[in-house]
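Results of the structural survey
The residues making up each chain are set out below.
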Amino acid sequence: MTMNTEHAHIEPVSYKTITTVWVVLLALTAVLVAVSHVSPFWAVAAMLTLTPLKAGLVLYYFMHLKYEGPLIKGMVAVALATLVIFISMMFLDIAFR
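Below or above, wherever it landed, is the structure these notes cover. Quantities reported herein were computed from a predicted structural model and do not represent experimental measurements.

Quick word on helix 2 (residues 40-62)
Compared with an ideal rise of 1.5 Å per residue, which puts 23 residues at 33 Å, helix 2 spans 31 Å between its outermost C-alpha atoms and is within 8% of the ideal. Its axis deflected by about 25 degrees at methionine 47, helix 2 carries its strongest bend there. Of the surrounding elements, those touching the buried residues of helix 2 are helix 1 (15-36) and helix 3 (70-95).

Here you go:
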């Protein structure tokens, strides 16, 4: 008895790609640190903008979301967007009390 199973062929991510993503993550972290010294408002705005971008890079390359189907990618995008919306609402609530 034979089973028909599909095995996804996952190509290894090249060292150049991993290094490039790592350097981009370091640069984005440096931008966040630099902006945090400017003002609290810009620090929060940069954090709410750049942190989801950094999380997306980690998910896409290091956690291999790149090889998943569109449904899984969409679910992750919706989850990250919802998180950003709720955190933004919290900061707005605190800022305008």
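On we go from here.
Here we look at the packing of helix 1 against helix 2
A pair of packed helices is characterised by two quantities: the angle between their axes and the separation of those axes. At a closest axis distance of 9 Å, the pairing of helix 1 and helix 2 adopts a crossing angle of 165 degrees. Of the possible angle classes, the one that applies to helix 1 and helix 2 is roughly antiparallel. Crossing of helix 1 against helix 2: the hand is left-handed. The residues of helix 2 that touch helix 1, namely those facing Thr17, Ile18, Val21, Val24, Leu25, Leu28, Thr29, Val31, Leu32, Val35 and Ser36, are Trp42, Ala43, Ala46, Met47, Leu50, Thr51, Leu53, Lys54, Leu57, Val58, Tyr61 and Phe62. Of the residues contributing to the contact of helix 1 with helix 2, the split by class is 18 nonpolar, four polar and one charged.

Considerations on the nonpolar core
Membership of the largest hydrophobic core is limited to seven residues, which are Val21, Leu25, Leu28, Leu32, Ala46, Leu50 and Leu57. Looking at this core, the elements with two or more residues in it are helix 1 and helix 2. By residue number, the principal contributor to this core is helix 1, which donates four residues.

So, helix 1
Between its first and last C-alpha, helix 1 extends 31 Å over 22 residues, near the 32 Å set by a 1.5 Å rise per residue. Every buried residue of helix 1 is listed here: Val21, Leu25, Leu28 and Leu32. All buried residues of helix 1 fall inside an arc of 65 degrees around its axis, so they share one side. For helix 1, the exposed residues set more than 90 degrees away from the buried face come down to Tyr15 and Lys16. Looking at the packing, one finds that the buried side of helix 1 touches helix 2.

Criteria and cut-off values
All chains use their own residue numbering, which begins from 1 and follows the written sequence. Under the rules for a predicted model, residues below a pLDDT of 70 receive no local features and side-chain atom pairs below 80 are neither given nor counted, while totals for whole chains, interfaces and linings still include all residues. Think of the side-chain values as coming from all heavy atoms in the structure, minus any hydrogens and water. Only DSSP runs of H or I reaching four residues or more are called helices, and only runs of E reaching two or more are called strands; each is numbered from the N terminus. Take the residue count of a helix, subtract one, and multiply by 1.5 Å to get its expected span. Two axes enter the bend calculation: one fitted to the seven residues ending at the residue in question, the other to the seven starting there, and the bend is the angle between them. Any two residues whose heavy atoms approach within 4.5 Å at even a single point are treated as in contact. Axes here refer to lines fitted to C-alpha atoms; in helices the fit is confined to the stretch in contact. Angles between the N-to-C directions go from 0 to 180 degrees. In this scheme, roughly parallel covers angles under 35 degrees and roughly antiparallel covers those over 145, while 65 to 115 is roughly perpendicular and the rest are oblique. Note: crossing handedness is left-handed where the near helix turns anticlockwise from the far helix by less than a right angle, and right-handed where it turns clockwise. Residues are grouped as follows: Ala, Val, Leu, Ile, Met, Phe, Trp, Tyr, Cys and Pro are nonpolar; Asp, Glu, Lys and Arg are charged; all remaining types, including Gly, are polar. Only buried residues count toward a nonpolar core, which is a set of Ala, Val, Leu, Ile, Met, Phe, Trp, Tyr and Cys residues joined through side-chain atoms within 4.5 Å. Partly exposed residues are those whose accessible area sits between 20% and 50% of the maximum for their type, while under 20% is buried and over 50% is exposed, using a 1.4 Å probe and protein chains only. Taking the helix axis as origin, the arc is that swept by the directions to the C-beta atoms.

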